[in-house]
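One-letter residues, chain by chain:
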Amino acid sequence: MTSILRIFVMCFAALAFGLASGVVTTAHAQLSIDITKGNIDPTPIAIPNFMSTDSRGKQIGQDLAEVVRADLERSGLFRSLDPKSFIETQSNIDYAPTFADWRVIKAEALVSGRIVMESDSRMRVEFRLWDIFGGEQLSGLRLAATPDNWRRMAHKVSDAIYSQLTGESGYFDSRIVFIDESGPKTDRKKRLAIMDQDGANPQFLLTGPSTVITPRFSPNTQKITYMSYENIVPAIYLLEIETGRRELLGSFPGMTFAPRFSPDGNTMILTLSKGGNSDIYAMDLRSRSTTQLTTNSAIDVSASYAPDGRNIVFNSDRGGSPQIYTMSSDGSNVKRISFGKGRYNAPVWSPRGDKIAFVKSTGGKFHIGVMNPDGSGERLLTESYLDEGPTWSPNGRVILFSRETRGRNGKNEIWSVDLTGTNLRRVPTPGSASDPAWSPLLP
Amino acid sequence: MTKNLILLVSAAALMTACASKPEVVEQEPEPVAAAPIFTPEPEPKPVMQAPVQQQTVVQAPDPNLPVPGSVADFIYQAGGDARVYFGYNQYNLTPSAMDNLRAQAAWLKQYDSVNAVIEGNADERGTREYNLALGARRAESVKSFLVGQGVASRRLTTVSYGKERPIDGRSSESGWARNRNGHTNVMNGAVG
């Protein structure tokens, strides 16, 4: 297992570094991006290849800048300018750029960076983010890692830029666990796989033939829980990503499914179906004791904790059709929060706490939507034959989901949409893929 | 001879029943193994022989019929399809589902060493986890009915596949109707 997994051996020494040459700070308002408005007018940003005095460093500098450009473009908030249009070629990032040259090509921000190869096994990535119209440096950062981790360095650079310009934390240095699908619809193989947030480095996590569905990350990003048909009665498993150590979670008088970690990682919330009735249980992962949270004879399923761990959102058809409910984490204080026309399923609480993503089906179409935790402010972000399985970016600004096309040759793909609903994109996967689950930012 | 005729007639009745349920099969039949075809054999000439008494019981079985007690026999006795079908988002049994399950129960009671896994299935128009819960309800509906008919509860294990095991790839009313089912999966027969 270890061999197929990339083990990150690196230490990120990230520290801000100041500017050597004097730059006059102007009185202009600093460049900032309002993330809540959608990508009507993405900010033009120039990201030249990171410079290096070393040939290996030059190659990394080129590849790394390409990944940063792609990250920022995909966010929908930035337009990466074509490097062919650049007038100035900087030779030292410690000196201020010729702002006029960048204004001519209408860049609003410039990222100038360099790669310093300290040894075969250690490199430094340094960059400065410039506000072209303000004529000032917005931030500077130095990162250290092993050269083969240059992709993660690139994502950390993207996160720093995104964070500086939007005032929100980023989401690029993260991974996606998903289900790789192959074979015809009536005989589909479903295998657990993982990849970087941008689709790079896809790898299978399990090699067996058993159908695996609904994987989810632990909050420390080191473990995955999923449901597998390994035995006749399917059950929930825990997998340690680095060691490949796998564990059947608990022994229940029925099938268990729909697992999800609590925000502190100490509790697993899950659904147990006993005598045909599905109820929600919480399992303490240290003592392995379980608490039944719902006792309704209706279907209670798909539970997800609020980031403070005090409340739970879940799916129930106790009112006659599937709707979204919230309750306290001890099972008390149950409230229905969805009231629109149609069926509501698969609610997931945002890591920011401010929204709940869900699936709504109405009029023969499926939608990914969001609402406030009290049920107000419902907005539908997507529409297709079958959209489902929303999962939040670490900063609660982007949602990944599965989209399945109809018919005998129907296939699943992973798509992303931001909270404004304007930035809908397909996420590249090696083949058909479903059930994405986004990790928190990597440590 | 009369006995033979009755057997033929009842076999024909079974075949008819098979073709008419579930009714969606009529519209777009699944490719299933060809059903045995019965053709009347020429009557043997009467020959003087010793009186036949219980001989019919130990007579060699019709080679066109599944071996009694086999998995194929179970499916045959269930009308050719050991699945019962449900309405959209429903888990109550229809009258034809109950007929099918009565035949299943009769077989299971006759071969009481056989255990079965009852698999609940849902169509694709639902979310994965909700459909697992829905499939669990359907599997339980089937199990409860069989237990009510006298099949021991411990012989029946229920499992839900949700929408993970469609038998029909079409995204149409007929395809969805076939995929909403409870399947009695007899993995090992009492014989062979």
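Keep in mind it's a predicted model, so treat the numbers as computed, not measured.

Here we come to the interface of chain A and chain B. Counting residues at the interface gives 42 residues for chain A and 34 residues for chain B. Interface area for chain A against chain B, summed over the two sides, is near 3000 Å², with a carbon-plus-sulfur share of 54%. A per-residue breakdown of the area chain A buries against chain B is headed by A:Tyr229, A:Ile299 and A:Arg343, which together make up 17% of the total. The tally of links from chain A across to chain B stands at 7 salt bridges. Residues A:Glu388 and B:Arg128 are paired through a salt bridge, measuring 3.7 Å at the closest nitrogen-oxygen approach. On inspection of chain A and its partner chain B, the count reaches 20 residue pairs in polar contact (both at pLDDT 80 or more). Mapped onto the side of chain A that touches chain B, the elements with two or more residues apiece are β9 (212–217), β13 (255–261), β17 (300–305), β21 (343–349), β25 (386–392) and β29 (432–438) of chain A. Looking at the side of chain A that touches chain B residue by residue, the classes come out as 18 nonpolar, 14 polar and 10 charged.

This next bit is on the environment of A:Arg175. Relative to the helices and strands, A:Arg175 is located in strand β6 (residues 175–182). Taking the C-alpha atoms as reference points, A:Arg175 and A:Met195, separated by 20 residues in sequence, lie 5.7 Å from one another.

Another aspect to go through is the pairing of strand β3 (residues 109–119) of chain A. Walk down a regular strand and you will see the side chains alternate between the two sheet faces. Residues and elements named next belong to chain A. For β3, a buried count of 8 out of 11 residues is recorded, marking the element as mostly surrounded by other parts of the structure. Inspection of the sheet shows strand β1 (residues 43–46) paired to β3 by 2 bridges, in the parallel sense. Among the inter-strand pairings, Ile45 is bridged to a residue of β3, identified as Ala109. With 10 bridges joining them, β3 and strand β4 (residues 122–131) adopt antiparallel strand pairing.

Attention now moves to the sheet that holds strand β11 (residues 235–240) of chain A. If you walk across this open sheet you meet the 4 strands as β9-β10-β11-β12 (chain A), and the pairing is antiparallel. What marks the edges here is a single partner per strand, and that holds for β9 and β12 (246–248) of chain A. Strand after strand, the sheet turns through a mean of 25 degrees between neighbouring axes, direction not considered. When strand β10 (residues 223–228) of chain A meets β11(A), the two strands line up antiparallel, connected through 6 bridges. When the sheet's bridge partners are listed, A:Ser228 is paired in β11(A) with A:Ala235. Contacts from helix α6 (residues 128–148) of chain B reach β9 and β10 of chain A, with the element oriented near 130 degrees to β9(A).

What follows deals with unusual backbone geometry. Of note in this structure, A:Lys106 is not a glycine but carries a positive phi near 65 degrees. With respect to the secondary-structure elements, A:Lys106 resides in the loop between α2 (99–104) and β3.

Detailed reading of the predicted coordinates is not advisable wherever pLDDT is low. Looking at chain B as a whole, the pLDDT averages 79, with 68% of positions reaching at least 70. Per-residue pLDDT stays below 50 along residues 51–57 of chain B; that stretch engages in 1 contact with residues further than four places along the chain or on separate chains.

Residues and elements named next belong to chain A. Counting buried positions along strand β26 (residues 398–404) gives 7 out of 7 residues, so the element sits mostly inside the fold. Neither face of β26 is open: one carries Val398, Leu400, Ser402 and Glu404, the other Ile399, Phe401 and Arg403, and all of them are buried. As judged from the 5 bridges shared by β25 and β26, these two strands associate in the antiparallel manner. Residue pairing across strands places Thr391 opposite Leu400, the latter belonging to β26. Hairpin connection, β25 to β26: the antiparallel pair is bridged by 5 residues, and Gly396 has positive phi, about 70 degrees. Relative to strand β27 (residues 412–418), β26 is paired through 7 bridges, and the arrangement is antiparallel. Bridge assignment links Val398 to a residue of β27, and that residue is Asp418.

What counts, and where the lines are drawn
- Residues numbered from 1 in each chain as written.
- Chains lettered and ligands numbered in written order.
- Predicted model: local features only at pLDDT ≥ 70, side-chain atom pairs only at ≥ 80, totals over all residues.
- Heavy atoms only, no water.
- Contact = heavy atoms within 4.5 Å.
- Buried area = accessible area lost by both parts, 1.4 Å probe.
- Salt bridge = Lys/Arg side-chain N within 4 Å of Asp/Glu carboxyl O.
- Polar contact = N/O pair within 3.5 Å; in protein donor to acceptor, adjacent residues only side chain to side chain.
- Helix = DSSP H or I, 4+ residues; strand = E, 2+ residues; numbered from the N terminus.
- Nonpolar A, V, L, I, M, F, W, Y, C, P; charged D, E, K, R; others polar.
- Buried < 20%, exposed > 50% of the residue type's maximum accessible area, 1.4 Å probe, protein only.
- Pairing = 2+ DSSP bridges.
- Axes fitted to C-alpha atoms, helices over the stretch in contact; angles between N-to-C directions.
- pLDDT = per-residue confidence, 0-100.

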